[in-house]
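Residue-level structure breakdown
Next come the chains, spelled out residue by residue.
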Amino acid sequence: EKCSINKNMTRNIMDGLSYELLLNENDVSIPQLQAIYQLPEISRYISISDNYFLYVIRTKNVYFYKVNNNSEMIGAIHLEKHENLLYMDILIFPQFQRKGYGTKVIKDIQNDIFKLDYEKIEIYIDNSNVASIKLFENAGFTQTSREDELINFSYQRRIY
C-alpha cells in the first residue's frame, strides 16, 4: 500500500522506506552524504564532483533522493530522465548493504513510485562491482553493452 505524504516525500508503508527529494543546497545531510561518497569502498565505484549537489538540485529532470528507513538515512538515489529513458544510480550506505534495501529501492523505482513515466531504465556498473551486478540481474536488468570497465544494464518497463 503506497501513499503520498507530500510532493517531496514518498513513503512505501510496507517496508518502512521513505524517499526525500534533495531540494536545497543548504540541506543539513549534504556533509554526511559527501563523507559517505568519499569512503574508499564507495569512491572506487561512484565519484562525485565538488559541485555535484548543486547540479542535482538545480538541473531539470535530475532528482536526488535520500533513502530513509524509518527516520534514519540509509542511502541515496540519483535519477535522470531523458525522454522515456531513466538513468539511475543507487547508493546504500556500507553498514546497510546486503540487508535487502537495494532490492526494495530498485522495485520501487521499477514500480514508478516517483511518477517519472519512463519506458526503460539504464545503469552503468563497474565490472568489478560483483554485488551490484548480481543485485541488478536479480531485479530483471539485462546486460546491453560494455565500455572499458563499465557494464551497461537496462530494464524495459512492462506497461499493462
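Our subject is the structure that appears above.
Residues numbered from 1 in each chain as written. Predicted model: local features only at pLDDT ≥ 70, side-chain atom pairs only at ≥ 80, totals over all residues. Heavy atoms only, no water.

**Observations concerning the pairing of strand β8 (residues 142-147)**
Our working rule: Here, any two strands with at least 2 DSSP bridges between them count as paired. Here a strand is any run of E in DSSP of at least two residues, a helix any run of H or I of at least four, and the numbering for each starts at the N terminus.
Taken together, the five bridges between β8 and strand β9 (residues 150-156) define a ladder with antiparallel strand orientation. Each bridged residue has a counterpart across the sheet, and for Q143 the counterpart in β9 is F153. Between β8 and β9, which follow one another and run antiparallel, lie two residues, and D148 among them has a positive phi close to 50°.

**Brief notes about the environment of V62**
Basically, it comes down to this: Working rule for contacts: check all heavy atoms of both residues, and any pair within 4.5 Å makes them a contact.
Considering the arrangement of structural elements, one finds V62 in strand β4 (residues 62-69). Taking C-alpha positions, V62 is 20 Å from I74, a pair spaced 12 residues apart along the chain. Sequence-distant contacts of V62, that is, excluding residues within four places in its chain, are made with Y55, V56, H78, L79 and E80.

**A few points about helix α4 (residues 101-110)**
An α-helical turn contains 3.6 residues, so any two residues separated by three or four positions project in the same direction. To keep it simple, the criterion reads: Any residue under 20% of the maximum accessible area for its type is buried, any over 50% is exposed, and the rest in between are partly exposed; the area is computed with a 1.4 Å probe on protein chains only.
Burial runs high along α4: seven of the 10 residues are buried. Among all positions of α4, only Y101, G102, V105, I106, D108, I109 and Q110 are buried. Residue D112 follows α4 closely and has a positive phi angle near 55°.

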